[in-house]
Amino acid sequence: MGGGNGQKSAMARKKAQEKLEGANKGSQAKTNSAAMSIKCNVCMQTFMCTSTEAKLKEHSENKHPKEDFFRCFPCQTPEAKAAEITKADADAAAAAKAKLDAPKEKKKDKVYKGSK
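Summarised in this report is the structure supplied together with it. Position numbers for residues count from 1 along each chain, tracking the sequence in the order it is written. In keeping with the model being predicted, local features are shown solely for residues with a pLDDT of at least 70 and side-chain atom pairs are shown and tallied solely at 80 or more, while totals for entire chains, interfaces and linings include all residues. Hydrogens and water are ignored here; the side-chain numbers use all heavy atoms of the structure.

**A few points about the environment of Met-36**
Structurally, the position occupied by Met-36 is in the loop between helix 2 (28–34) and strand 1 (38–39). Here the alpha-carbon distance between Met-36 and Ser-51, two residues 15 residues apart in the chain, equals 9.4 Å. Whether two residues touch is decided by their heavy atoms; if any such pair falls within 4.5 Å, the residues are in contact. In this structure, Met-36 is in contact with Thr-46, Phe-47 and Met-48, ignoring residues within four places of it in sequence. Helical segments are the DSSP runs of H or I of at least four residues, strand segments are the runs of E of at least two, and each set is numbered from the N terminus.

Below is the structure:
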């Protein structure tokens, strides 16, 4: 005969816990290594994509005092950043256009029992 609210709450907690356990499968190290997208061209040390320009300048000044900052990190030049932004804008615009141009699915007519 079904259960009360306590049983429903317990089932909801159990499903939520299973969902969280399923999402946590896999290695965080793989995700972190994929995020290492900035690389010093002098020593080939990699930095996470969320590294600030101050951290990169600190690395450049401490490890390579004779080298220019932009020699270490050419991706941090104003021209490279502007190109990256325009590329991201172009990609977003292309995705929006593709979404608009995609053919829309026709809804199927519902067939009711005994309507034939």
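From this point, the narrative continues.
**A word on the state of the cysteines**
Two cysteine sulfurs form a disulfide in these notes if their separation is within 2.5 Å. Summed over all chains, the structure comprises 0 disulfides. In this structure Cys-72 is not part of a disulfide, and its nearest cysteine sulfur, from Cys-40, lies 4.1 Å away. Exposure categories follow from relative accessible area, calculated using a 1.4 Å probe and restricted to protein chains: below 20% of the type maximum is buried, above 50% is exposed, and the middle band is partly exposed. Overall, Cys-72 belongs to the buried group, its relative accessible area being 0%.

**Points about the packing of aromatic side chains**
Classification of ring pairs rests on two measures: the distance between centres of Phe, Tyr or Trp rings, Trp counted by its six-membered ring, which must be within 6.5 Å, and the angle between planes, read as stacked under 30 degrees, edge-to-face over 60 and tilted in between. A complete count under the given rule lists 3 aromatic pairs for this structure. Summarising the aromatic geometry, the rings of Phe-47 and Phe-73 are spaced 5.6 Å apart at their centres and angled 70 degrees between planes, so their arrangement reads as edge-to-face. Of this pair, Phe-47 sits in strand 2 (residues 46–47) while Phe-73 sits in the loop between helix 4 (69–72) and helix 5 (78–101), placing them 26 residues apart in sequence. Taken individually, Phe-47 and Phe-73 each receive the classification buried, so the pair is uniform in this respect. For the ring pair Phe-69 and Phe-70, a centre distance of 5.2 Å and an interplane angle of 70 degrees mean the geometry is edge-to-face. Taking the relative accessible area as the measure of exposure, Phe-69 reaches 9% and is therefore buried. For Phe-70, a relative accessible area of 35% translates into the label partly exposed. Through a chain of ring-to-ring contacts, the aromatic side chains of Phe-47, Phe-69, Phe-70 and Phe-73 assemble into a single cluster.

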